[in-house]
Amino acid sequence: PNSNATRVGGSENVVVAHTQFIGDSPALYFVSSPPGFGNASAIYRVGMGSLDSPVRVSPSYANTSANTFALVAPDQSSILLLGSRGGQAGVFRVSPSSPNSEQTLTTDVAGGAVIENFIVTRDFTRVVYLSRAGSGATARLSEVPVDGSSAPESVLVALISALAELRPDGGTVLITR
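Residues numbered from 1 in each chain as written. Predicted model: local features only at pLDDT ≥ 70, side-chain atom pairs only at ≥ 80, totals over all residues. Heavy atoms only, no water.

**Thoughts on the overall build of the protein chain**
Step number 1: What the protein chain contains, in helices and strands, is zero helices and 14 strands.
Step number 2: A burial count over the protein chain gives 41% of its 177 residues as buried.
Step number 3: Residue pairs at least 24 apart in sequence account for 30% of intrachain contacts in the protein chain once pairs closer than 6 positions are excluded.
Step number 4: Within the structure as shown, the protein chain displays about 9,200 Å² of accessible surface, and the carbon and sulfur contribution to it stands at 53%. (Helix = DSSP H or I, 4+ residues; strand = E, 2+ residues; numbered from the N terminus. Buried < 20%, exposed > 50% of the residue type's maximum accessible area, 1.4 Å probe, protein only. Contact = heavy atoms within 4.5 Å. Areas by Shrake-Rupley, 256 points an atom, 1.4 Å probe, with all protein chains shown as cover.)

**Re the sheet that holds strand S9 (residues 114-120)**
Step number 1: Strand order across the open sheet formed by four strands is S9-S10-S11-S12, with antiparallel pairing between neighbours. The two strands at the open ends of the sheet, each matched to only one other strand, are S9 and strand S12 (153-159). Ignoring strand direction, the axes of neighbouring strands in this sheet form an average angle of 20°.
Step number 2: Across six bridges, the pairing between S9 and strand S10 (residues 126-132) is antiparallel. Directly across from Phe118, in S10, lies its bridge partner Tyr129. (Pairing = 2+ DSSP bridges. Axes fitted to C-alpha atoms, helices over the stretch in contact; angles between N-to-C directions.)

**A short note on the pattern of salt bridges**
Step number 1: Enumeration according to the criterion identifies four salt bridges in this entry.
Step number 2: Among the salt bridges present, the one from Arg85 reaches Glu102, with a minimum N-O distance of 2.9 Å. Of the two residues, Arg85 sits in strand S6 (residues 79-85) while Glu102 sits in the loop between strand S7 (88-94) and strand S8 (103-104), which places them 17 residues apart along the sequence.
Step number 3: Relative accessible area serves as the criterion here: at 17%, Arg85 is assigned to the buried category.
Step number 4: With a closest N to O distance of 2.8 Å, Arg167 and Asp169 form a salt bridge. (Salt bridge = Lys/Arg side-chain N within 4 Å of Asp/Glu carboxyl O.)

**Concerning the pairing of strand S2 (residues 27-32)**
Step number 1: With six of its six residues buried, S2 lies for the most part within the structure.
Step number 2: Burial along S2 is two-sided: Ala27, Tyr29 and Val31 facing one way and Leu28, Phe30 and Ser32 facing the other are all buried.
Step number 3: Pairing analysis gives six bridges linking S2 to strand S3 (residues 42-47), with the strands arranged antiparallel. Counterpart to Ser32 in the pairing with S3 is Ala42.

**Regarding unusual backbone geometry**
Step number 1: Positive phi values are uncommon outside glycine, yet Gln76 reaches one of about 65°.
Step number 2: With respect to the element layout, Gln76 can be found in the loop between strand S5 (65-72) and S6.
Step number 3: Non-glycine residue Phe124 carries a positive phi angle of around 60°.
Step number 4: As for its position among the elements, Phe124 is in the loop between S9 and S10.

**Topic: the packing of aromatic side chains**
Step number 1: Under the definition given, this model contains two aromatic pairs.
Step number 2: Look at Phe30 and Tyr44: their rings are 5.7 Å apart centre to centre, the planes differ by 25°, and that puts the pair in the stacked class. Taken as a pair, Phe30 in strand S2 and Tyr44 in strand S3 lie far apart in primary sequence, 14 residues in all.
Step number 3: On the accessibility criterion, Phe30 (2% relative accessible area) is buried. (Phe/Tyr/Trp six-rings, centres within 6.5 Å; stacked < 30°, edge-to-face > 60°.)

What follows is the structure, given as structure tokens:
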């Protein structure tokens, strides 16, 4: 690694947990709430040759919209966010080419339920997620296409402790009980 540090524009108030390099000629994606934007945060992208010129690639999120995890597709065509909107848990898809809109993928999650984990297939075409209402042992395992082309499908409702792993081809899910 080069020992020369370079400041990334707009990175004030960056959320380090949501920072990742993606792509062959890496782009840096990060969540930040730059000065002058109040408490609103958004996802930004910068190329290695333009570190002082971040581009907003998501809607701006208010305090009522918490994002706990962000995952960028290897081809940078989609960003998946685990979070909540107005208190409703979900996995949300953003297309960097349309940064002002967002699609809720997990439309089957009951009000008050939490999404404990989600895993994306290696080819970034399907999301498998575990949701749970309350503190009981019963949970719902569901899947939905990343592109949102169809509704979520419930795969299993059972006593599930955790969603552990997804086989690389997406054919099998490992859960713990």
